[in-house]
Amino acid sequence: MNSRTTPFDELDRKIITALMANARTSFAEIGAAIGLSSTAVKRRVDRLRDTNVITGFTATVQPSALGWRTEAYVEVYCEGAAPPRRLAEVVRNHPEITAAMTVTGGADALLHVRARDVEHFEEVLERIRAEPFVRKTISVMVLSHLIPESPEAGASNAAPEDAADVRQGG
């Protein structure tokens, strides 16, 4: 990672916007849209990657295509003060948790969980509740995505079969 501060200008914003809309857009296409050569766009993208402004490129996948048909958000309430580091260790052990963050308010953390079905979700929830510092959880099931093109509507985790392998130690 490059630690020096680099300028971030309007052209960089346009490049990032184009890549966020479609990471497969060519440097030539981006350059034509913003008035730069493809070489200049590549140099800027390389700099943005070197400075960790751009941290990666990914594919957005329809979760149901991977077998993840049930989705929920789980508020986690801890006994005492569970440090974020400890919470992070726990969520890494549950492949069904696709996002996790500490939050303000009554809950200590908010988890985004995907599962094959309600029965699988219930199993995941019981594993989360079995953690010694978890006092209670409150779950909210997702019925539909009102912004289907949002990152939350996509998936970046492994297929459910992989999750089953992890759960069973295989």
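Just above sits the structure.
**Topic: the packing of helix α1 (residues 10–21) against helix α3 (residues 38–50)**
Their axes nearest at 11 Å, the elements α1 and α3 cross at an angle of 85°. Considering the angle they form, α1 stands roughly perpendicular to α3. Taken together, the residues of α3 that come into contact with α1 (itself represented by L11, D12, I15, I16 and L19) are V41, R44, V45, R47 and L48. The residue makeup of the contact of α1 with α3, split by class, is seven nonpolar, no polar and three charged.

**Looking at the side chain of R114**
Counting through the fold element by element, R114 comes out in strand β3 (residues 109–115). A distance of 2.5 Å separates a polar side-chain atom of R114 from the backbone oxygen of E152.

**Focus on the pattern of salt bridges**
Applying the stated criterion across every chain yields a total of 11 salt bridges. In this structure, R44 and D12 form a salt bridge, with 2.8 Å as the shortest nitrogen-oxygen distance. Here R44 is found in helix α3, whereas its partner D12 is found in helix α1, with 32 residues between them in sequence. With respect to burial, R44 and D12 carry one shared label: buried. E126 serves as the salt-bridge partner of R129, at 3.0 Å between the closest nitrogen and oxygen. One end of the pair, R129, and the other, E126, are both in helix α5 (residues 118–129), three residues apart, so they sit about a helical turn from each other. Look at E126 and you get partly exposed, because its relative accessible area is 41%.

**Re the nonpolar core**
Of all hydrophobic cores here, the largest spans 19 residues; its most connected members are V74, V76, L111, V113, F121 and F133. Those elements giving two or more residues to this core turn out to be β1 (70–78), α4 (84–92), β3 and α5. Once residues within four sequence positions are removed from consideration, L111 is found in contact with A72, Y73, V74, V76, V91, I97, A99, A100 and I128. Formed by nine residues, the second largest nonpolar core is a distinct cluster that contains I15, I16, I30 and I54.

**A word on the pairing of β3**
Burial runs high along β3: six of the seven residues are buried. Relative to β3, β1 runs antiparallel, the two sharing seven bridges. Its bridge partner being in β3, V74 is matched across the sheet by L111. Relative to β3, strand β2 (residues 97–102) is paired through five bridges, and the arrangement is antiparallel. Bridging across to β3, A99 finds its partner in H112. Once β2 ends, the chain turns through six residues before running back antiparallel as β3, passing G105 with a positive phi of about 100°.

**As for α3**
Side chains of residues three or four places apart in an α-helix project in the same direction, reflecting 3.6 residues per turn. The end-to-end C-alpha distance of α3, which contains 13 residues, comes to 18 Å, matching closely the 18 Å that a straight helix rising 1.5 Å per residue would cover. Those residues of α3 that fall on the buried side of the exposure criterion are A40, V41, R44, V45 and L48. End-on view of α3: buried residues confined to an arc of 135°, all on one side of the axis. Among the structural elements, α1 and α2 (27–34) are those in contact with the buried residues of α3. Two residues or fewer after α3 comes N52, characterised by a positive phi angle close to 60°.

**Looking at unusual backbone geometry**
At N52, a residue that is not glycine, the phi angle is positive and equals roughly 60°. Position of N52 among the secondary structure elements: in the loop between α3 and β1.

Conventions and cut-offs
- The numbering scheme is per chain: residues are counted from 1 as the chain's sequence reads.
- Confidence filtering applies because this is a predicted model: local features only for residues at pLDDT of at least 70, side-chain atom pairs given and counted only at 80 or more, and all residues used for totals across whole chains, interfaces and linings.
- Side-chain metrics in this entry use all non-hydrogen atoms of the structure; hydrogen atoms and water are not considered.
- Lines fitted to C-alpha atoms define the axes, with helix axes restricted to the stretch in contact, and inter-axis angles between N-to-C directions lie between 0 and 180 degrees.
- Each helix is a run of H or I in the DSSP string that is no shorter than four residues. Each strand is a run of E no shorter than two, and both are numbered from the N terminus.
- Throughout, the term roughly parallel applies to angles under 35 degrees, roughly antiparallel to angles over 145, roughly perpendicular to angles from 65 to 115, and oblique to all others.
- For this analysis, residues touch if any pair of their heavy atoms sits within 4.5 Å.
- Throughout, the ten residues Ala, Val, Leu, Ile, Met, Phe, Trp, Tyr, Cys and Pro are labelled nonpolar, Asp, Glu, Lys and Arg are labelled charged, and all others, Gly among them, are labelled polar.
- Here a polar contact means two N or O atoms within 3.5 Å. Within protein one must be a hydrogen donor candidate and the other an acceptor candidate, and residues neighboring in sequence count only if both atoms are side-chain atoms.
- What makes a salt bridge here is a side-chain nitrogen of Lys or Arg within 4 Å of a carboxyl oxygen of Asp or Glu, nothing more.
- Burial here depends on accessible area, computed with a 1.4 Å probe over protein chains only, as a share of the maximum for the residue type. Under 20% is buried, over 50% is exposed, and the range in between is partly exposed.
- Residues enter a nonpolar core if they are buried and are Ala, Val, Leu, Ile, Met, Phe, Trp, Tyr or Cys, with the set joined through side-chain atoms within 4.5 Å.
- Pairs of strands are assigned from DSSP output, requiring at least two bridges between the strands.
- One less than the number of residues in a helix, times 1.5 Å, gives the span that helix is expected to have.
- The directions considered for the arc run from the helix axis to the C-beta atoms.

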